[in-house]
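Overview (structure and organization)
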Amino acid sequence: MLRVISQAAFLAALVAVGAVLYANLVRNLRQLGIPLGFEFLGLEAAFAIGEAAIPYQPSDTYARAFLVGVVNTLRVAGVGIVLATVLGVLAGIGRLSGNWLIRQITAAYVEIVRNTPLLLQLFVWAFVVFGRLPTPQRAIHLGGNVYLSNRGVVLPWPEPAEGFAVWAAAALAGLAAAIWVYRRLLWIKLESGRGTRPGLAALALLAAGLAAGWVLAPAPPFVISTPVLAGFNFQGGAGLTIQFSALVTGLVVYTGAFIAEVVRGGIQSVDRGQFEAAAALGLRPALVMRLVVLPQALRVIIPPLTNQYLNLIKNSSLAVAIGFEDAFFVARTVFNQTGKTFETVAVIMATYLTFSLITSLLMNLYNRSVQLVER
Amino acid sequence: MTVTAVRWLRDNLFTTWYNALLTVLGLAVTWAVGSRVVRWALAGADWQVVVNNLTLLAVGAYPRDQLWRVWASVLVVTGLIGASWRLWSRPGLETHRAGQAPDRPPESTLGRRVLVVAWLLAVPLITVLIHGDGAVLSTVRTDRWGGLLLTLMLAVVGIAASFPFGVVLALGRSSALPVVRAVSTAYIELFRGVPLVTVLFSTQILLTLFLPEGLRPDRVLRAMAGLVLFSAAYVAETVRGGLQSVPRGQIEAAHALGLSNLQTTTLIVLPQALRAVIPALVGQFISLFKDTALVAIVGLHDLLGIANSVLANPNYLGRYAELYVFVAMVYWIFSYSMSHASRRLERRLGVGGR
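All figures in this text were calculated on a predicted structure; none of them were measured in a lab. (Residues numbered from 1 in each chain as written. Chains lettered and ligands numbered in written order. Predicted model: local features only at pLDDT ≥ 70, side-chain atom pairs only at ≥ 80, totals over all residues. Heavy atoms only, no water.)

**Focus: unusual backbone geometry**
Of note in the backbone geometry, A:Ala46 takes a positive phi value of approximately 60° without being a glycine. Checked against the element boundaries, A:Ala46 lands in the loop between α1 (2-32) and α2 (62-95). (Helix = DSSP H or I, 4+ residues; strand = E, 2+ residues; numbered from the N terminus.)

Here's what the structure looks like:
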């Protein structure tokens, strides 16, 4: 009985506070002359977005502008998560390397990056590193038609042409066959101890698939678009803007240092005896890592790694400080134009909560698949 | 000597051919980066931008004739750090517990208690010292605070206020009452699911709208509110970890002794839970310290914000590298020494070692 009463009292107090706050909000907004409501999302945005991955023009609605921002956030987060994982795993293994110099270099990287604010690092990438690049006319030529200038990075990009569908089908078939054969041969190797060279066989199959697609396709599958200097900027090829490059570099370097610590902790959590037992069974160092250590380390790594992915997605909102038009940047512009405080905040919060929830969900599913199955 | 050196080189740098390759590659990269940085720092860089703006970077627009108050606060804090260092780096209770003969009289736990109380008193004392009470000390409004002073005040006030709030939330989330649990969980998950910069932005534009007329906190207070709301959710999750680490038997034993629920929580569960999570809370504080840099985005002049406004001065146009390197070093020194101290503390408390 006491439980029910105390909970009812708690709820009543909460509702009372909420009601007072809401009354304040309504009164303050009425004084400002801004009614509550989401109708403004259908109005014309009338501001330009420099970097839109989906078609957008100023005459589109606020809702559309916001969608452009969300797509930009997803681009940064997707690229960032992949690259940060690669960098983090390499640095994490580097911190446990038998090589003294590699250990020192990776330790210096992790300690410098982890102990300074991300925002400061983003400023350094945007204004000191990328901001000081020469104009497109004097672009730094990295070889192979890749140019670096203060307009961003441009590189040649294969654009799908007529024969693309046939080629892609053959390549996918090759990939599927390669994966199946690799697993099968590795299994035979582990069961019988015969050297079956699974890696080599898989690679050969993949190459065969790619080549077959090229031969079978009625027309060339790609047209390579190369960047050419035209006037003040490059034409053709694929380009990444300075803002995008600086943001992704900053997020990758920062999150990579945290992932490195997660990976290091995970590998160190595997009992030393496991390494020794695997080696005693005659497994090579690479196989010891792949078959014995990593599956056990992953169980420890996945939950904190998920946190790092979530942090990367949330940290991508710092794009606003270096002028990349992500979800938060666009929302802030919308707020500045419409003065819709409560609605803008609600939209931003709902967006990032959705990102976080989906990421957690996917990583939890993956986590379940690597956890120890106990009876 | 030479034999051991050669041996060390072989064992640590040239064990296999790919290790040798990595070593050579690492040396090349280190040399390329290191020599350039050293040449730039000694010859290329113009450090005037830092030298001329040191006071600005330290305290922002704090009245120059009141600077002694900042110095006094620094003195209090360094004194406390020194005293803590002395007390905690001596063998105390731990060695006796391990069964060794005490080679000197046990440091009185009284000294430590006094110190803890002094630390707790230091926060309000310094706040009053910096802000003024309007009578003896003239009031320095928060919008005059700036630079490193503002960064540190945001971090200290942020953690001091979010700690009790976080503990309450953690207790709420582990409560047996479903309504309390649901509300606490919703709060924690909401604030952990959104970026800090959106929370800061929201408190800047929304807070005044939710408050009655006449209550109009300034930008710094609104930023503090954002930091506290955000940080409390993270503190709560850390503390909850500590609560879960307290064995169930402790609670049952307390009940058997006739302690009420409230007494059990405050006298039995919380002390053990908090002790277990002290290192994690220090980590929380370090990340809050770094996160305060985000207030620069909502227009405050903290250490990073003031650096950006110095860069807007035509005299120092383009001096990004010098200023950012200096600011990064300040942040680094604070963060690194705090994490170093926390690792020592962890070892002293023997958390995880028992």
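**A closer look at the interface of chain A and chain B**
The partner chain B presents 55 residues to the 52 residues of chain A that form the contact. Summed over both sides, the interface between chain A and chain B buries roughly 4,600 Å², with carbon and sulfur atoms accounting for 71% of that surface. On the chain A side of the interface with chain B, the three residues burying the most area are A:Gln7, A:Asn115 and A:Leu120, jointly 12% of the side's total. Between chain A and chain B we count 0 salt bridges in total. Between the two partners, chain A and chain B, sit 17 residue pairs in polar contact (both at pLDDT 80 or more). When contributions to the side of chain A that touches chain B are tallied by element, the ones reaching two or more residues are α1, α3 (100-114), α4 (118-129), α7 (242-268), α10 (319-322), α11 (327-338) and α12 (341-370) of chain A. With 14 residues, α1(A) is the largest single contributor of residues to the side of chain A that touches chain B. A per-class count over the side of chain A that touches chain B returns 32 nonpolar, 12 polar and 8 charged. (Contact = heavy atoms within 4.5 Å. Buried area = accessible area lost by both parts, 1.4 Å probe. Salt bridge = Lys/Arg side-chain N within 4 Å of Asp/Glu carboxyl O. Polar contact = N/O pair within 3.5 Å; in protein donor to acceptor, adjacent residues only side chain to side chain. Nonpolar A, V, L, I, M, F, W, Y, C, P; charged D, E, K, R; others polar.)

**Section: the sheet that holds strand β1 (residues 140-141) of chain A**
Residue and element names in this part refer to chain A. Pairing within the open sheet is antiparallel, and its 4 strands lie in the order β1-β2-β3-β8. The open sheet has two edge strands, β1 and β8 (238-240), and neither has a second partner. Direction of pairing for strand β3 (residues 152-155) relative to β8: antiparallel, over a ladder of 3 bridges. Its bridge partner being in β8, Val 154 is matched across the sheet by Gly 239. Across the sheet, α7 is in contact with β2 (147-149), β3 and β8; its angle to β8 comes to roughly 65°. (Pairing = 2+ DSSP bridges. Axes fitted to C-alpha atoms, helices over the stretch in contact; angles between N-to-C directions.)

**Points about the packing of aromatic side chains**
We describe a pair of aromatic rings using the distance from one ring centre to the other and the angle between the two ring planes. Scanning the model with the defined rule gives 22 aromatic pairs over all chains in all. The interplanar angle of 55° and the centroid separation of 5.7 Å between the aromatic rings of A:Phe244 and A:Phe324 together place this pair among those described as tilted. One end of the pair, A:Phe244, is in helix α7; the other, A:Phe324, is in the loop between α10 and α11, and 80 residues separate them in sequence. Taking relative accessible area as the criterion, A:Phe244 reaches 6% and is therefore assigned buried. Measuring from centroid to centroid gives 4.6 Å for B:Tyr187 and B:Phe191, while their planes differ by 35°, and the two rings are tilted. Taken together, the positions of B:Tyr187 and B:Phe191, both in helix α9 (residues 178-193) and 4 residues apart, correspond to about one turn of that helix. (Phe/Tyr/Trp six-rings, centres within 6.5 Å; stacked < 30°, edge-to-face > 60°. Buried < 20%, exposed > 50% of the residue type's maximum accessible area, 1.4 Å probe, protein only.)

**Regarding helix α14 (residues 278-291) of chain B**
Side chains that are three or four residues apart share a direction in an α-helix, a result of its 3.6 residues per turn. Over its 14 residues, α14(B) runs 20 Å from end to end, which matches the ideal 20 Å to within 8%, given 1.5 Å per residue. Within α14(B), the full set of buried residues consists of B:Pro279, B:Leu281, B:Gln284, B:Phe285, B:Ile286, B:Leu288, B:Phe289 and B:Lys290. (Expected span 1.5 Å × (residues − 1).)

**Section: the nonpolar core**
Among the nonpolar cores identified, the biggest contains 156 residues, and A:Phe47, B:Tyr62 and B:Leu304 are the most heavily contacted of them. When near neighbours in sequence (up to four residues on either side) are disregarded, B:Leu304 contacts A:Leu119, A:Leu120, A:Phe123, B:Ala293, B:Ala296, B:Tyr324, B:Val327 and B:Tyr331. (Core = buried A, V, L, I, M, F, W, Y, C linked by side-chain atoms within 4.5 Å.)

**Some thoughts on the side chain of B:Thr264**
All names here are of chain B. Topologically, Thr 264 is positioned in helix α13 (residues 261-276). Side-chain polar atoms of Thr 264 contact the backbone oxygen of Ser 260, separated by 2.7 Å. Residues contacting Thr 264, with those up to four places away along its chain left out, are Ile 251, Ala 254, His 255, Leu 259 and Val 269.

**Some thoughts on the pattern of salt bridges**
Residue and element names in this part refer to chain B. Enumeration according to the criterion identifies 12 salt bridges over all chains in this entry. Arg 319 is the salt-bridge partner of Glu 322, the closest N and O atoms lying 3.0 Å from each other. Taking relative accessible area as the criterion, Arg 319 reaches 28% and is therefore assigned partly exposed. Taken together, the salt bridges that share partners define one network made up of Arg 173, Glu 189, Glu 237 and Arg 240.

Such coordinate-based values are descriptive only and should not be taken to indicate function.
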